[in-house]
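Listed below, chain by chain, are the residues.
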Amino acid sequence: MLSKVLSYGLAGIDGFVVNIETDIVGGVPRFDIVGLGDTAVKEAKDRVKAAIRNSGFEYPTKHYTINLAPADIKKEGPLYDLGIAVGIMTASNQIKNKKFVDYIFVGELSLDGSLKKVRGVLPILISARALGNKKVIIPHENAEEAKFIDGMKIYAFRNLKEVVEFLQDGYDEDIPSLKTKNFDEVSKALCNKLDFENVKGQTQAKRALEIAAAGGHNVLMIGPPGSGKSMLAKCFSGILPDLTFEEALEVTKIHSIAGELDLSKGIITERPFRSPHHTASAVSLTGGGTNSKPGEISLAHNGVLYLDEFPEYSRQLIETLRQPLEDGNITVARANQTVTYPSSFTLIASMNPCPCGNFGAKNRECKCTPVQIHKYLSKISGPIMDRIDIQVEVDNISYGELNSNQKAESSASIKTRVDRARQVQIARFAGTQTFSNAKMSVPQMKKFCTLSKDCQFLMEQAFTNLKLSARAHDRILKVARTIADLEGQSEILPQHIAEAISYRGLDRKYWGI
Amino acid sequence: MNEKKMNEIEKFLIFMSFNEIPNKKQETLLELLEDFDLEHALSNPKMKSVLSSEEMLKLLKNYDPRQLNSTIENMLKCGIAIVTIFSENYPQTLFDLPERPLILYAKGNLSLLKEKCLAVVGTRNPTAYGKLVTERFSKKVAESGVVIVSGLCYGVDAIAHRAALDVGGKTIAVIAGGFNHIYPATNFNLGKEIAEKGLLLSEYPPSFEPKRYTFPKRNRIIAGISAAVLITEAGIRSGTLHTKEYALEYGRDMFAIPGNITSDKSDLPNDLISSGQADGIVSPEQIVKYFGMQSKPIQNKFVGLSFEEQEIVNLLEQGEQNFDFLADNSKIPVNILNSCLTTLEIRGLIRKLPSQMYGLLI
């Protein structure tokens, strides 16, 4: 007997239909799975066999051939277990109902027949909906992440027996599928972030981060150890605009594939904040590996990638950030496949001004030689610096400031300004691929960053007097545009340019001369 | 000086310098030999008595009159002047020194050697204070017309040169290698600018790579051509010690800028002052007066400031302050404060120091 059951596989963050074809014939008992499955797929044989028996069904001693079509795409992971089990039971005539041909089965089986959670349910659901497969059966543990997908019939079960019973007798369209949840309510309820009002002093750094949030600019914070760089970075995601539902889905998709999703919450409602350690490997950052998984930069998609002690990362690692910073996605080519993961994040990097960290500090002395400092700073190449619009210095704060009861401005009130500036940008770039000032193309800059005579004069003076490098020019224009947006000005004024220039500390080479 | 006029003895010195014959031996040869025609000199047994056999072998191997002539010609074409103790351009200040260089390679304005020179030396890694005083003193002194002499190294050296160039003053850099090997490479452009607007000086032929021992040695030229040496900031084990030793040996006047007694980087100047070896200098005026020059009248640069800018200047008059202090005490919103600070900086009224510090530029 032959049966066909649908399931889904993942290539990158998109799903594709997999037909599980099961053929059972008499003869020497055998079990073959074909269709480029990895070891986890091959081992399904033993799990499925035990699961069927232990659920009280029959497993006839016959020759089984399972084909996962299309046969030329690699299949990974244990998510085909359920489909294979249902396929076998249909082919062996234990499930007589054939009306579920348009159902998609996803789930891993345990030997006792219970269904276990799998990675990537959300991206599978999103792709399935787009491809017109509207009925899905998933493990109960994955139910939360499925609740935000509407327009589909999604059923979540705890074990194989429940699934078979549902298909067998019930097969009742009226059994309620999962209820969809309202995103906005969940997103409000889950808010729990570090607040800028608890950060004492550091007014300049906070202002720089506000501008960065408003215009989507990347930031480099320079300061001695213990000056609060990490704290500032952690607060940063709190002043970014809220995730829209579409963005949240995208983020959740990536986390689901990476297996990093908190299954009790189901959907990610906060902008991700990722801070990989500087010993991270290039693959863990970019993604890839034998079983392709998104890396840290993709997990930071629509959120913040925080690289503490930036020059300590290997040079090669830092250079791999170039493409994602430019294009907003990363393409990882491996022997078996090439996958593209989205990776549009705001980079916040922090570093010490020199290897010992005390260069320029008020009360401590730097013991580094000029060569050491030069070497340390030159670890960050020009092309990377080109992609960082804002450089801001952070200094140790005094005990007095630390102990003061004065509350700083709260993240919420900063956020209202950021949101307003983002609205301006959305209106400005309507109908284009650009969403923020930081991502403006050269023609767009020509159009939106026109300078008055006064501004040009100021720029000219700044370049000659402050010895700015050429690469600073475009950065300054973009940041000035954002500052003007924050103030609700349609034109860039000299004070905007002047402020933007103050965020180009490293270009001005007051280090060592 | 062109090739034709150059006499045998100068050519002899150039050849010796190209073959890295030590200064002392050259001096001895100058006394011993009468005929400096290279061919005759090389076969002269007196040469062998002074030079080691390796050095003799090297000289004989490298002896090629045509090549020597073309090398000299090439150097002149590249704008490198060759100043020997026999040329009229040779600085009088160096002539009587015990370890005088017999030959100097120069690029730039040779007449600077005849002017009043102040050596500004110090650590390669100055603190913010060291940078500030080096720049302030160099600028003021250079403005009055005194030539600033230093070694084109990191730190104080580079700041002093830069400051002199910035105010349109004169400066001489004495480097520890040949002109093809400017060290450190980061100062290549600065060196180029000095060659154009000031004077670049070296006792080594252009292809000579700087060695560990050439750095202290060139300090004797820095001390030698200067009337006085100013030490702005240096640790107790700094290379500046060499310059100090030479200056004292040559009877040059020593100036030092006092610093915080708890700062390692001010140890040398403080020691020199307390031991009476150097005059403590607290104002550039003192140096300008010492040279008998007039300092440029101070113009009140702080005119036409906006209300906020004036407020910032008032706060900074009490000393350097960091950003948070300015923000708290001026009550100017952060964005305005940021832009005012930049404008003031562009106008050359204040300076941004590392770690968010700002100071008035007087």
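Residues numbered from 1 in each chain as written. Chains lettered and ligands numbered in written order. Predicted model: local features only at pLDDT ≥ 70, side-chain atom pairs only at ≥ 80, totals over all residues.

K.L.:
In this structure, what is going on with the sheet that holds strand β8 (residues 253-256) of chain B? I would like to understand it.
P.N.:
Strands pair in a sheet through their backbones, by hydrogen bonds, and they do so in one of two ways: parallel or antiparallel. All names here are of chain B. Spatially, β1-β2-β6-β5-β4-β3-β7-β8-β9 is the arrangement adopted by the nine strands of the open sheet, whose pairing is mixed. The outermost strands of the open sheet, each flanked by one partner alone, are β1 (80-84) and β9 (279-280). Contacts from helix α11 (residues 214-225) reach β3 (117-121), β4 (147-150), β5 (171-174), β6 (199-202) and β7 (228-231) within the one sheet, and its direction differs from that of β3 by about 140°. (Pairing = 2+ DSSP bridges. Helix = DSSP H or I, 4+ residues; strand = E, 2+ residues; numbered from the N terminus. Contact = placed C-beta atoms within 7 Å. Axes fitted to C-alpha atoms, helices over the stretch in contact; angles between N-to-C directions.)

K.L.:
Mind showing me how you'd approach the confidence of the model for chain A here?
P.N.:
When the pLDDT values of chain A are averaged, the result is 85; 93% of them are 70 or greater. Summarising per-element confidence for chain A, the mean pLDDT is lowest in helix α7 (residues 183-189) of chain A (63) and highest in strand β6 (residues 108-109) of chain A (95). (pLDDT = per-residue confidence, 0-100.)

K.L.:
Mind showing me how you'd approach the sheet that holds strand β17 (residues 346-351) of chain A here?
P.N.:
Residue and element names in this part refer to chain A. A sheet is described by the order of its strands in space; here five strands give the open sequence β11-β14-β17-β10-β18, paired in parallel fashion. In this open sheet, the two edge strands, each paired with only one partner strand, are β11 (273-274) and β18 (390-393). In this fold helix α9 (residues 229-236) packs onto β10 (219-222), β11, β14 (304-307) and β17, with an angle of close to 170° to the strand it touches most, β17.

K.L.:
Explain the interface of chain A and chain B here, please?
P.N.:
How big an interface is tends to be reported as the loss of accessible area on association of its parts. Contacts between the two partners involve 30 residues from chain A, matched on the other side by 31 residues from chain B. At the level of secondary structure, the elements contributing two or more residues to the side of chain A that touches chain B comprise α8 (203-215), α15 (370-377), α20 (453-466) and α22 (494-501) of chain A. Among the residues forming the side of chain A that touches chain B, the class breakdown is 12 nonpolar, 11 polar and seven charged. (Nonpolar A, V, L, I, M, F, W, Y, C, P; charged D, E, K, R; others polar.)

K.L.:
In this structure, what is going on with α11 of chain B? I would like to understand it.
P.N.:
Along an α-helix, a turn takes 3.6 residues, which lines up residues three or four apart on a common side. In this model, α11 of chain B (12 residues) spans 17 Å end to end at C-alpha, consistent with the 16 Å of a helix rising 1.5 Å per residue. Taken together, the buried positions of α11 of chain B are Arg218, Asn219, Arg220, Ile221, Ile222, Ala223, Gly224 and Ile225 of chain B. (Expected span 1.5 Å × (residues − 1). Buried ≥ 20, exposed ≤ 12 C-beta atoms within 10 Å, placed from the backbone.)

K.L.:
Can you walk me through unusual backbone geometry in this structure?
P.N.:
Most peptide bonds are trans, and most residues other than glycine sit at a negative phi. The omega torsion of the bond from Ala69 of chain A to Pro70 of chain A falls at 0°, within 30 degrees of zero and hence cis. Topologically, Pro70 of chain A is positioned in the loop between β4 (63-69) and α3 (81-91). Looking along the chain, the bond that leaves Tyr183 of chain B and enters Pro184 of chain B is cis, with omega of -10°. On the secondary structure map, Pro184 of chain B appears in the loop between β5 and α10 (188-197). In this structure, Asn302 of chain A takes a positive phi of about 65° despite not being glycine.

K.L.:
Any chance you could explain the packing of α22 of chain A against helix α17 (residues 334-346) of chain B here in plain terms?
P.N.:
For any two helices packed against each other, one specifies the inter-axial angle together with the distance between the axes. Interaxial distance between α22 of chain A and α17 of chain B falls to 7 Å at its minimum, and their mutual angle equals 80°. Classed by the angle they form, the pair α22 of chain A and α17 of chain B counts as roughly perpendicular. Along the contact surface, α22 of chain A presents Gln495, Ala498, Glu499 and Ile501 of chain A, while α17 of chain B presents Asn335, Ile336, Asn338, Ser339, Thr342 and Thr343 of chain B. (Parallel < 35°, antiparallel > 145°, perpendicular 65-115°, else oblique.)

K.L.:
Quick question: what am I supposed to make of the nonpolar core here?
P.N.:
Nonpolar side chains tend to gather and get buried jointly when the protein is soluble and globular. The biggest cluster of nonpolar side chains holds 131 residues, and the ones touching the most others in it are Ala85, Val106, Leu125, Val219 and Ile497 of chain A. The dominant element in this core, judged by the number of residues it contributes, is helix α21 (residues 472-486) of chain A, at eight residues. Both domains that furnish three or more residues to this core are identified here as domain 1 (2-170) and domain 2 (188-415) of chain A. Here Ala85 of chain A is in contact with Val48, Ala51, Ile52, Leu109 and Leu160 of chain A, once residues within four sequence places are set aside. Counting residues in each nonpolar core, the second largest holds 78 residues, with Ala119, Phe179, Ala195 and Leu230 of chain B among its members. (Core = buried A, V, L, I, M, F, W, Y, C linked by C-beta atoms within 7 Å. Domains from an automatic or database assignment.)

K.L.:
Mind showing me how you'd approach the domain arrangement of chain B here?
P.N.:
Taken domain by domain, chain B holds domain 1 (1-77), domain 2 (110-290) and domain 3 (307-360). Averaged C-alpha coordinates put domain 1 of chain B and domain 3 of chain B at centres separated by 61 Å.

K.L.:
Explanation requested: the packing of α8 of chain A against helix α18 (residues 411-428) of chain A in the structure shown.
P.N.:
All names here are of chain A. Packing of α8 against α18 leaves a shortest axis separation of 8 Å and a crossing angle of 35°. As for how α8 packs across α18, the hand of that crossing is right-handed. Counted together, Glu210, Ala213 and Ala214 of α8 and Ile414, Arg417, Val418, Ala421 and Arg422 of α18 form the full contact between these two elements. Residues of the contact of α8 with α18, tallied by class, amount to five nonpolar, no polar and three charged. (Left-handed = near helix turned anticlockwise from the far one by under 90°.)

K.L.:
Please clarify how the pairing of strand β12 (residues 357-360) of chain B should be interpreted in this entry.
P.N.:
Regular strands place their side chains on alternate faces of the sheet. Residue and element names in this part refer to chain B. Judged from the two bridges that link them, strand β10 (residues 321-322) and β12 form a sheet pairing that is antiparallel. Bridge pairing links Asn322 to Met357 in β12. Connecting strand β11 (residues 350-353) to the antiparallel partner β12 that follows it, the hairpin turn spans three residues, and Ser355 within it adopts a positive phi of roughly 50°.

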